[in-house]
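Structural characterization, general
Here are the chains, one letter per residue:
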Amino acid sequence: VRSLYDKEGLLMAEIEANPVPSKEHPDKVILAVDIKEGKKVQVATITFEGVEKVKQKKLVSVMKTKEDRWWRSGDFKEEDFDQDVQAIADYYHQKGMIDARVLDYQITPSQTLKKDAWKRRTQGKKVPKTVTIRPERIDTLTPEESKSHLHINIQVYEGPRYLAGRFSFEGNVLFKDQRLKKEVLLEQGDVFDQNRYELLKYKMQSLYYEEGYIYARFDEKRSYRGDTIDVHFKITEGLPAYVHKVI
């Protein structure tokens, strides 16, 4: 039950289960579950560490999780955030930083994050019940609001940016090198876009599959020359497959 509420962003839900004796069956109990759903948890801020080669706004733009603003909600859902972690890595991989990854992250309740700042700022003054959330104004949250707002800090390893080098082939008989190179979507000197690289592999496999070589194998070997990646494909074509019978 807890995981279901967490997936919907209701992290403040209070769930209490109590066994109640059954009147009809004395040897059994009825499990009574008392649920107080509470409010959905909102994201107050999203910050990054280790980000130097791309704009942080770009990383936020690929995330499903957003900061709470007056024109949109900032609901926090664990399932969405798990996808965000991969989306951040994928964005870097498109930019040639194929070693990039999210090292770690912390999700902190705002009440804990700015408890001291809250005390200093209010000093016993009456605080409005609602405020506009801004990254630089997280300490303006009321104590009640801060319980339902989160701060997310993401640590990123960017790694070097790689360029595409030479592409070579071995073991190809059905298709000559020139034909296979037409499927290579990366020119020498281009940023090594991992998505385009995966697509060129798919297109080469499709060439063989369309000719009936459905068991063809493509073993790749990468060689690094500084910031340049050369790729050599060793192709095992095998024998074509034939349709024996159509029923």
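Structure first, text after, so check above.
Residues numbered from 1 in each chain as written. Predicted model: local features only at pLDDT ≥ 70, side-chain atom pairs only at ≥ 80, totals over all residues. Heavy atoms only, no water.

**Side note on the environment of F175**
- Inspection of the secondary structure assignment puts F175 in the loop between β6 (163–170) and α7 (177–181).
- Taking C-alpha positions, F175 is 9.9 Å from M204, a pair spaced 29 residues apart along the chain. (Helix = DSSP H or I, 4+ residues; strand = E, 2+ residues; numbered from the N terminus.)

**Describing a positive patch on the surface**
- A cluster of basic residues, K53, K55, K57, K58, K95 and R161, forms a positive patch on the protein surface.
- Inspection of the secondary structure puts K95 in the loop between α3 (78–94) and β4 (101–109). (Patch = residues over 30% accessible without salt bridge, like charges linked within 9 Å, V, L, I, M, F, W, Y side chains within 5 Å. Areas by Shrake-Rupley, 256 points an atom, 1.4 Å probe, with all protein chains shown as cover. Salt bridge = Lys/Arg side-chain N within 4 Å of Asp/Glu carboxyl O. Lys, Arg positive; Asp, Glu negative; His and termini not counted. Charge placed at Lys NZ, Arg CZ, Asp CG, Glu CD.)

**Concerning the pairing of strand β8 (residues 228–236)**
- Bridge count for β6 against β8 is six bridges, and the pairing is parallel. Looking at β8, one finds that L163 is bridged to T228.
- Here strand β7 (residues 217–225) pairs with β8 via nine bridges, running antiparallel. The residue bridging Y224 from the neighbouring strand is I229, located in β8.
- Taking the residues between adjacent antiparallel strands as the criterion, β7 and β8 are bridged by two residues, where G226 takes a positive phi near 65 degrees. (Pairing = 2+ DSSP bridges.)

**Some details on α3**
- Between the first and last C-alpha of α3 there are 25 Å, a value that for 17 residues agrees with the 24 Å anticipated at 1.5 Å per step.
- All of the buried residues in α3 are F81, D84, A87, I88, A89, Y91, Y92 and H93.
- Among the structural elements, β3 (42–49), α2 (56–61), β4, β5 (149–157) and α8 (194–210) are those in contact with the buried residues of α3.
- Of the residues flanking the end of α3, it is G96, one or two places downstream, whose phi is positive at about 90 degrees. (Expected span 1.5 Å × (residues − 1). Buried < 20%, exposed > 50% of the residue type's maximum accessible area, 1.4 Å probe, protein only. Contact = heavy atoms within 4.5 Å.)

**Regarding the sheet that holds β3**
- The sheet built from three strands is open, its strands ordered β3-β5-β4 with mixed pairing. Each edge of the open sheet carries a strand with a single partner, namely β3 and β4. For this sheet the average axis-to-axis angle between neighbouring strands, irrespective of direction, equals 20 degrees.
- Packing of α3 onto the sheet brings it into contact with β3, β4 and β5, and relative to β4 it is tilted by some 145 degrees. (Axes fitted to C-alpha atoms, helices over the stretch in contact; angles between N-to-C directions.)

**Focus: the nonpolar core**
- Within the largest apolar cluster, 22 residues are counted, with the highest numbers of intra-cluster contacts made by F167, L180, F192, Y197, L200, Y208 and F233.
- The set of elements that each furnish at least two residues to this core consists of β6, α8 and β8.
- Looking at this core element by element, the count peaks at five residues for α8.
- Not counting residues within four places of it along the chain, the set of residues in contact with L180 comprises F169, N172, F175, M204, L207, Y208 and I235.
- V43, M63, M97 and V156 belong to the second largest nonpolar core, which has 20 residues in total. (Core = buried A, V, L, I, M, F, W, Y, C linked by side-chain atoms within 4.5 Å.)

All quantities given are derived from atomic positions and should not be read as evidence of function.
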